[in-house]
Structures are given as C-alpha cells and as structure tokens.
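# Report on the structure
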Amino acid sequence: MYKVFLKDVLLPVNPIEEITFSTKTLNETKENVNLVEINLLSGRGLLDIKLSSLFPRYTDSLGIDFAIKQPSDYILLIQKAMEESQPISFIIIGENYDLNLKVSIESFEYTEKAGEIGEFYYDLALKEYREPTVTNCKIEGKTSDHKLLVSEEKERPDHRSMPKEYTVKKGDTLWGIAKAQLGDGSKYPELGKINNMKSPYYLNVGQKIKLS
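A short tour of the structure in this document, coming up. (Residues numbered from 1 in each chain as written. Predicted model: local features only at pLDDT ≥ 70, side-chain atom pairs only at ≥ 80, totals over all residues. Heavy atoms only, no water.)

### Focus on the packing of aromatic side chains
Under the convention used in this document: Two rings belonging to Phe, Tyr or Trp (six-membered ring only in the last case) form a pair when the distance between their centres is within 6.5 Å. Interplanar angles under 30 degrees mark stacking, angles over 60 mark edge-to-face geometry, and anything in between is tilted. To qualify as a helix, a DSSP run of H or I must reach at least 4 residues; to qualify as a strand, a run of E must reach at least 2; elements of each kind are numbered from the N terminus. The buried label goes to any residue with under 20% of its type's maximum accessible area, the exposed label to any with over 50%, and the partly exposed label to all in between, with areas taken from a 1.4 Å probe on protein chains only.
Summed over all chains, the structure comprises 5 aromatic pairs. Judged by centre distance (5.9 Å) and plane angle (70 degrees), the rings of tyrosine 110 and phenylalanine 120 are edge-to-face. With tyrosine 110 in strand β8 (residues 97-111) and phenylalanine 120 in strand β9 (residues 120-128), this pair connects stretches of sequence that are 10 residues apart. For tyrosine 110, a relative accessible area of 34% corresponds to the partly exposed category. We classify phenylalanine 120 as buried; its relative accessible area is 17%. Clustering of aromatic rings is evident, with ring pairs tying together Phe55, Tyr74, Phe108, Tyr110, Phe120 and Tyr122.

The structure is reproduced here in structure tokens:
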C-alpha cells in the first residue's frame, strides 16, 4: 500500500492500474575526424510520469477512511497549479516507494461518465523539474570581424564540509534527504543501508540520519 501526494495534498484514490515512469538519455551520435560514428554520453533526460485515477463523490464503497475534498476542489487545485506556472511537489510514500520530486503539470484531462454524476475520472501527465543553472561568461574582446570573444568561467569549488548527519523534519522522505544532502535522490538506498533501515524506510520527526 502506498500514498500519493500532489502539491502536499493526498490523492483520494491511488492511480488505477499503474503509474508510468519514462525517461531517455541525452546522448548524441556524431562522426569524428576519421568519419567514424561515436556516441557522446550526456546523462539522462527529465522523468515523465503518467497516471490515471478517480476523484470520487462517494467514498463508502471505496473503503476510504480519511476526509477527502470534493472532486471540484481537486480539479481546481490542479488547474491553479498549471496557471501559476510553478513546479509543485509529487510524493509517493509506501512499500517499495520513497519518491519526492518537483514536477510540472504537462496535461490534465478529466471526464464525468454517464451514470456516475459528480465523479470524475482523470489522466495526469507530469514532468520532472530541474532548477536552471546559469553559466558565468567573461567578455575577452573582439575579433577582427567584430565578433565578441566569450569565455566560460568555471564555478568556484565548494569547500564547505558536508554535515555528517541530518535531523528529520515533517514531510521528509529518504529520497528527498538524499537529493538535498547528497545531490542525488537515487542514493536513498545507500542512506538506508548506512542507517540500518529497510524499505519502505519510514521516518520519524527528530530522527537522526547518518549521511556517511
């Protein structure tokens, strides 16, 4: 069993059938000076997430044991997030899951079916969000044909020491801690191993997590 949160709001019904995750690499193939095709490895692209579910009007038959919003409230929440053009949180917590991502909403489609008045089935497409990075450039001068000469300035190394442990706060997940403290959310199993934890990696507020 797992729980899915969108913008810190718990979805009333887990995705029907499946959640689809997909990504692709940014690799390029080029020809070198010997006209031999080579592959330039450039890491992975952004993660695409697709899910389908239901905003129910009645909850008795679904076994939902927590207070939920009206379907229109969930729809307005998603529409408002799209209008604001800001990334939102997408969290999955449960057995075999510990995911906490910033995402953008790429598409949202909802349908009210005949005979099920007041209930809405929906399809949601999300895309992982990455903070844009800015490269500092330095103007070196001009060439004979008046073009600017620009050189890229390398970022100064960060000599600050990494903390040895982290104190869990409300809403934290092991994936999010790995992302924030180690720079890579996929390293959360390493944190689990260091701290003698097993999936689904339940955390308690105030708990100390060793980072190395």
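### Focus: the nonpolar core
Our working rule: Only buried residues count toward a nonpolar core, which is a set of Ala, Val, Leu, Ile, Met, Phe, Trp, Tyr and Cys residues joined through side-chain atoms within 4.5 Å. What makes two residues a contact is simply this: any of their non-hydrogen atoms within 4.5 Å.
With 27 residues, the main nonpolar core has Leu6, Ile49, Phe55, Phe90, Leu124 and Leu126 as its most contacted residues. If you list the elements that add at least two residues to this core, you get β1 (2-6), β6 (48-55), α1 (71-84), β7 (88-94), β8 and β9. Counting residues per element, this core draws most heavily on β8, at 5 residues. For leucine 124, the contacting residues outside a window of four places in its chain are Leu6, Ile49, Lys50, Leu51, Ile78, Ile105, Ser107 and Phe108. With 11 residues, the next largest nonpolar core counts Tyr166, Tyr201, Leu203 and Ile209 among its residues.

### Quick notes on the pattern of salt bridges
The line we're drawing: Should a side-chain nitrogen of Lys or Arg be within 4 Å of a carboxyl oxygen of Asp or Glu, the pair is scored as a salt bridge.
Taken as a whole and judged by the stated rule, the model has 4 salt bridges. With its nearest N and O atoms 2.9 Å apart, the salt bridge here joins glutamate 128 to arginine 44. Pair noted here: glutamate 128 is in strand β9 and arginine 44 is in the loop between β5 (37-40) and β6, with a separation of 84 residues, a long-range link. The class for arginine 44 is partly exposed, based on a relative accessible area of 41%. Here aspartate 48 and lysine 127 are joined by a salt bridge, their closest N and O atoms 2.6 Å apart. Taken together, the residues span a long stretch of sequence, with aspartate 48 in strand β6 and lysine 127 in strand β9 at a distance of 79 residues.

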